[in-house]
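Listed below are the residues making up each chain.
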Amino acid sequence: MPHAARAKRVSPAPSSRAVSTYLFPLLILIACFIAYSPAIRGGFVWDDDQYLSINKNVTEPGGVVRTWTSLKANPQYYPLVFSGYWLEHQLWGLHTVGYHVTNILLHAVTAILLGRLLTRLRVPGAWLAAALFALHPVQVESVAWITERKNTLSGLFYLLSLTYFARFAALETDDPPAQRNWNFYLIALACFVGALLSKTVTASLPAVILLVLWWRRGRLARTDLLALVPMFILGLAFGMMTAYMEQHHVGAKGEEWNLSLLERGLLAGRAVWFYAGKLVWPYPIIFVYPRWKIDVAEWWQHVYPATAIALVVTLWLLRRRIGRGPLVAALCFGGTLFPAIGFLNVFPHRYSYVADHFQYLACIFILVPLVAIAAHLARRQSAASRVALSVAVLAVVTTLSFRQAHAFQSMETLWRDTIAKNDGAWMAHGNLGDWLSGQDRYADAIPHYESSLTLRPQSEEIHFNLALALQRVNRNADAMAHYREAIRLVPAYAKPHINIGALLLDEGKPAEALPWLESGLKLDASLVPGHYALGNALARLGRHDEARRAFAETIRLQPDFWEAWINDANLLWALGRRDEAITQYREVTRRNPKSVEAHVNLGSVLMQKGDTTGGIASLREAVRLEPRNAPARIRLAQALLAGGNREEAVATLEAGKRLDPMNADIAALLNELLAKPAP
């Protein structure tokens, strides 16, 4: 029960106040940079492209306006996060160091705010709890992953809002204040809006405040309840909007999310215990944890929600004996986790039902009471013993975080670390395969695609990606089989239709390729490679006008698709429309001066038209751009001979032989020239 008279605060000694005000925050800041330093020079990893590096709302000058005015401009409507990215992009572009440093600073400041709030509330071990929040390994995912700026930024606003509401309600005292500073409330409300505009998991804050008020005083003042009404309304509105966006914009709907209410209850109970357990025993820390199979027929799965409910009931019954704190902590922990434990659809549940970044704020409500209990039990120990134990605990968690932060140095390190700890992560295998394919390491990618397919055989996307890699290493028959399987699984999947057509075209079968290309484009007319391949197929079949229309559509959809420009110009030349062809070649070299093929083709047609000077100039430029391009060098030598410049032709071929001693064509032409006496 609350005291009848307001408790009198005892001012700390000046030295103690200095330590709390300056030393502990400084140590937390330094420790954060030590713990997360391996990630500082890390590159962009999963989702960082969609959130930042290729997001036009971040990289274009006017993108910040779209971020605020359109709900669907970005993966989620978190305009403060994307505005922050936009501002940083103006400062340091796509250099990742700045984004990582900002994340660490935000996280460290949030931890410092937590320490100061707990100190004001006279919670035992306040700064140790804040340091644990700052350095615990479960926080690595939120701090080292640029995409999770959502957590570090919303966490800052969350703690600011909680701090100012605590000052408004004078929570450091045992009774409501006679007079209130409504400026503190307005600041708290504004910060809460900032938190919601950064990540709406913070919508639970008003409920947390309600529980904290009850914990401190055992009753709720009418003024506090009225002050919380606008916050509850805002939290509910933003939460509903995000839940809708998650399903209808992000795509968290379909068979993988079709769980009954009972199944969702089983999932929620297990997730709550998982998160609590990971705080006590943070090993292993995995980017993608194994995805559980939820089965109502297995009795042991019911134990999780049953024991969670039993714990809350027990803490309620014992509240007068052990205090309200444990009950409030448990309710705040579960309530803060609520959006991510299964009752609402969230997209990452496609890969795993749990993720460390989901408990970024929730972990406060486990770490703080654990430290408070430990501080109470250790109160009879010497100060030196308490300090030594605290340092030992912080050293362990800092070391674990430091080791885990290495995983975020690159896309490859992230997925390899995940696979090493969870080889059953089909998504990790698939994404590593995608990354290796992006580095043209197709042979290395194939085993990972195959592992991913073994774990998820009904995925048309994995079949497609595996087929693409197989095609790149000339295993065309295997590639064709996987393209066909992707179509069998999803007949309306357009890309494999296009790729089968392109594969047949490469094999010199334009007539067989044509129906595949046409069916693919009928399914998805926006596929640029499909129009380009269709143009090539039609050109080979002699349907020139249709081929030109296909090339024109390719260029319309992708104006910098230079191969389409060049092939269209080649077609014009073949049709005898030489001036138009030359004009188009020149347009390509003007728009893309580094196009070797355009310079070679322009030089060749100019030579055929009798413009030796222009032809030689274009071919020289092609060789300058790509000295090892043997066909360009041979054509230049032939053009020089045609222009009567035998000496330069020989020098051109000799230079080519030095660059590529094994090239038979260059050697043959050079030998032929040297065998003939100079005129």
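Before any of the text, the structure's been laid out above.
Because the structure is predicted, anything quoted here is derived from the model rather than measured.

Caption draft 1: Structural detail: the overall build of the protein. When you go through the protein residue by residue, the secondary structure sums to 35 helices and 0 strands. Computed over C-alpha atoms, the radius of gyration of the protein comes to 33 Å, more than 25% over the 26 Å expected from 2.2 N^0.38 for 679 residues, which places it beyond the range of a compact globule. Judged by the C-alpha coordinates and their principal axes, the protein covers about 115 × 55 × 45 Å. By the burial criterion, 50% of the 679 residues in the protein qualify as buried. Summarising the internal contacts of the protein: among those between residues at least 6 apart in sequence, 65% fall at separations of at least 24. With the model as given, the accessible surface of the protein reaches about 31,800 Å², and the carbon-plus-sulfur share is 60%.

Caption draft 2: The arrangement of the nonpolar core in detail. Formed by 182 residues in total, the largest nonpolar core has its most connected members in Ile28, Tyr85, Phe165, Tyr275, Phe333 and Phe408. Sort the elements by how many residues they give to this core and helix α7 (residues 96-120) lands first, with 10 residues.

Caption draft 3: Spotlight on the environment of Ala395. Tracing the backbone through its elements, the reader meets Ala395 in helix α19 (residues 383-405). Between the alpha carbons of Ala395 and Asp48 there is a distance of 30 Å; along the sequence they are 347 residues apart.

Caption draft 4: Just the side chain of Ser204, in detail. Within the secondary structure, Ser204 sits in the loop between α11 (182-196) and α12 (205-217). Setting aside residues up to four positions removed in sequence, Ser204 forms contacts with Gly335 and Thr336.

Caption draft 5: Region of the structure containing the packing of aromatic side chains. Evaluation of the coordinates by the stated rule reveals 34 aromatic pairs. Geometrically, the ring pair formed by Trp46 and Trp415 is edge-to-face, given 5.9 Å between the ring centres and 70° between the ring planes. With Trp46 in the loop between α2 (37-40) and α3 (48-53) and Trp415 in helix α20 (residues 411-421), this residue pair connects regions lying 369 residues apart in the sequence. With respect to burial, Trp46 and Trp415 carry one shared label: buried. Taking 5.9 Å as the distance between ring centres and 75° as the angle between the ring planes, the aromatic pair formed by Phe347 and Tyr351 counts as edge-to-face. Among the aromatic residues, ring-to-ring pairing joins Trp46, Trp145, Trp257, Phe287, Phe347, Tyr351, Phe408, Trp415 and Trp426 into one connected group. The ring centre of Trp215 lies 5.4 Å from the NZ or CZ of Arg216, which sits over that ring.

Caption draft 6: Just unusual backbone geometry, in detail. For the peptide bond that leads from Tyr283 to Pro284, omega is -5°, which places it in the cis range. By the secondary structure assignment, Pro284 is in the loop between α14 (261-280) and α15 (303-317). The residue Asp47 is not glycine, and still its phi comes out positive at about 75°. Looking at where Asp47 falls in the secondary structure, it is placed in the loop between α2 and α3. With phi around 65°, Asn474 is a residue other than glycine that occupies positive phi space. With respect to the helices, strands and loops of the structure, Asn474 is situated in the loop between α23 (460-472) and α24 (476-489). By relative accessible area, which is 67% here, Asn474 ends up exposed.

Caption draft 7: View of helix α29 (residues 562-574). Under the 1.5 Å per step criterion, the end-to-end length of α29 is 18 Å for 13 residues, consistent within 8% with the ideal 18 Å. Across the 13 residues that make up α29, a large majority, 10, are buried. Tucked inside the fold, the buried residues of α29 contact α27 (528-540), α28 (544-557), α30 (578-591) and α31 (596-609). Just downstream of α29 lies Gly576, where phi reads positive at about 85°.

Caption draft 8: Quick look at the side chain of Asn103. With respect to the element layout, Asn103 can be found in helix α7. Relative accessible area serves as the criterion here: at 0%, Asn103 is assigned to the buried category. Within the structure, the side chain of Asn103 is placed 3.2 Å from the side chain of Thr152, a separation counted as a polar contact. If we skip the residues at most four places from it in the chain, Asn103 touches Ser142, Val143, Trp145, Ile146, Glu148, Arg149 and Thr152.

Caption draft 9: Spatial organisation of the packing of α11 against helix α13 (residues 222-250). Interhelical geometry of α11 versus α13 gives an angle of 15° and a closest axis separation of 10 Å. Overall, the two elements α11 and α13 adopt an arrangement that is roughly parallel. Where α11 crosses over α13, the two elements pack in a sense that is right-handed. On α13, the residues that touch Trp182, Tyr185, Leu189, Phe192, Val193 and Leu196 of α11 are Thr223, Ala227, Pro230, Met231, Leu234, Gly235 and Phe238. Tallied by class, residues from the contact of α11 with α13 come to 11 nonpolar, 2 polar and no charged.

Caption draft 10: A nonpolar patch on the surface, seen in detail. A surface patch of nonpolar side chains, amounting to about 350 Å² of accessible area, comprises Leu26, Ile30, Ile34 and Phe402. Ranked by the residues each element gives to the nonpolar patch, the list is headed by helix α1 (residues 14-35), at 3 residues.

Caption draft 11: Region of interest: the state of the cysteines. For the structure shown, the criterion picks out 0 disulfides. Note on Cys32: no disulfide assigned, nearest cysteine sulfur contributed by Cys363 at a separation of 12 Å. Accessibility expressed as a relative area gives 0% for Cys32, which makes it buried. Given a relative accessible area of 0%, Cys363 falls into the buried group.

Caption draft 12: Fine view of the pattern of salt bridges. If you walk through the whole model with that rule in mind, you get 26 salt bridges. Residues Arg219 and Asp175 are paired through a salt bridge, measuring 3.7 Å at the closest nitrogen-oxygen approach. Residue Arg219 is found in the loop between α12 and α13, and its partner Asp175 is found in the loop between α10 (149-168) and α11; the two are separated by 44 residues along the sequence. For Arg219, a relative accessible area of 42% puts it in the partly exposed group. The exposure class of Asp175 is buried, given its relative accessible area of 10%. Of the charged contacts in the structure, one is a salt bridge between Arg624 and Glu621, with a shortest N-O distance of 2.7 Å. Residue Arg624 and its partner Glu621 are both found in helix α32 (residues 612-625); the two are separated by 3 residues, about one turn of the helix. Note on Arg624: relative accessible area 56%, which makes it exposed.

Scoring rules and cut-offs
Residues numbered from 1 in each chain as written. Predicted model: local features only at pLDDT ≥ 70, side-chain atom pairs only at ≥ 80, totals over all residues. Heavy atoms only, no water. Helix = DSSP H or I, 4+ residues; strand = E, 2+ residues; numbered from the N terminus. Rg over C-alpha atoms; globule rule 2.2 N^0.38 Å. Buried < 20%, exposed > 50% of the residue type's maximum accessible area, 1.4 Å probe, protein only. Contact = heavy atoms within 4.5 Å. Areas by Shrake-Rupley, 256 points an atom, 1.4 Å probe, with all protein chains shown as cover. Core = buried A, V, L, I, M, F, W, Y, C linked by side-chain atoms within 4.5 Å. Phe/Tyr/Trp six-rings, centres within 6.5 Å; stacked < 30°, edge-to-face > 60°. Lys NZ or Arg CZ within 6 Å of the ring centre and 35° of its normal. Expected span 1.5 Å × (residues − 1). Polar contact = N/O pair within 3.5 Å; in protein donor to acceptor, adjacent residues only side chain to side chain. Axes fitted to C-alpha atoms, helices over the stretch in contact; angles between N-to-C directions. Parallel < 35°, antiparallel > 145°, perpendicular 65-115°, else oblique. Left-handed = near helix turned anticlockwise from the far one by under 90°. Nonpolar A, V, L, I, M, F, W, Y, C, P; charged D, E, K, R; others polar. Patch = residues over 30% accessible without salt bridge, like charges linked within 9 Å, V, L, I, M, F, W, Y side chains within 5 Å. Salt bridge = Lys/Arg side-chain N within 4 Å of Asp/Glu carboxyl O. Disulfide = S-S within 2.5 Å.

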